[in-house]
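Chain by chain, the residues run as shown.
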Amino acid sequence: YEAKVVQSAVARLNDLEEVSKQEDQIFEEWLPKNEAMLQERFPDEYIAVRDGEVIAHARTMIGLGTAMRSAQAGRKPFILRVKKGEPHD
């Protein structure tokens, strides 16, 4: 039983590390490069981002959930809210 608990904990830590790496890539690399485009194409919308691609977008979280039903399966996407305004430097 203890070995299963340890294996489960290690697997969960690996999952969390992978999510952290993806989050860093999105917020440190992808978002700064794409912020102006996002504000132009998706102002005041929620977007779902997976693997550097916007896979769904909508004005509300409920609408985003509906739009994501048609998106391909895979890793969970990151959900972002695009605000109107000028891109940050």
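Every value quoted in this text rests on a predicted model; they were computed, and no experiment measured them.

Here the focus is the packing of aromatic side chains. Counted according to the given criterion, the structure contains zero aromatic pairs. Lying over the aromatic face of Tyr-46, Arg-81 brings its terminal NZ or CZ to 4.9 Å of the ring centre.

Attention now goes to the pattern of salt bridges. Across all of its chains, the model carries one salt bridge by this definition. Between Glu-17 and Lys-21 there is a salt bridge, with the nearest N and O atoms lying 3.6 Å from each other. Highlighted residues: Glu-17 and Lys-21, both in helix α1 (residues 2–41), separated by four residues, approximately one helical turn.

In this structure, Ile-26, Trp-30, Leu-38, Phe-42, Ile-47, Val-49, Phe-78, Leu-80 and Val-82 together form the largest nonpolar core, which totals nine residues. Those elements that provide at least two residues to this core are α1, β1 (46–50) and β3 (78–81).

Turning to its location among the elements, Asp-15 is positioned in helix α1. For Asp-15, a relative accessible area of 44% corresponds to the partly exposed category. The spacing of Asp-15 and Glu-35 is 20 residues in sequence and 27 Å in space, taken between C-alpha atoms.

Glancing now at the pairing of β1. In terms of burial, β1 is largely enclosed, as four of its five residues are buried. Pairing analysis gives five bridges linking β1 to strand β2 (residues 53–58), with the strands arranged antiparallel. By the bridge assignment, Ile-47 is partnered in β2 with His-57. Between β1 and β2, which pair antiparallel in sequence order, lie two residues; one of them, Asp-51, sits at a positive phi of approximately 55°.

Here is what the cut-offs are and how they apply
- Position numbers for residues count from 1 along each chain, tracking the sequence in the order it is written.
- pLDDT decides what is reported in this predicted model: residues at 70 or higher carry local features, side-chain atom pairs at 80 or more are listed and counted, and totals for whole chains, interfaces and linings draw on all residues regardless.
- For side-chain calculations, the full set of non-hydrogen atoms in the structure is used, while hydrogens and water are omitted.
- Ring geometry is summarised as follows: Phe, Tyr and Trp rings, the Trp one being its six-membered ring, pair when their centres sit within 6.5 Å, and such pairs are stacked at plane angles under 30 degrees, edge-to-face over 60 and tilted between the two.
- To sit over a ring, a charge needs its Lys NZ or Arg CZ within 6 Å of the ring centre and within 35 degrees of the ring normal.
- When a carboxyl oxygen of Asp or Glu lies within 4 Å of a side-chain nitrogen of Lys or Arg, that pair is called a salt bridge.
- Numbering of helices and strands runs from the N terminus, with a helix taken as a DSSP run of H or I at least four residues long and a strand as a DSSP run of E at least two residues long.
- For our purposes a nonpolar core is just a set of buried Ala, Val, Leu, Ile, Met, Phe, Trp, Tyr and Cys residues, chained together by side-chain atoms within 4.5 Å.
- For the exposure calls, accessible area comes from a 1.4 Å probe over protein chains only, and a residue counts as buried if that area is under 20% of its type's maximum, exposed if over 50%, partly exposed in between.
- When DSSP finds at least two bridges between two strands, those strands are taken to pair.

Purely geometric numbers; function is a separate question.
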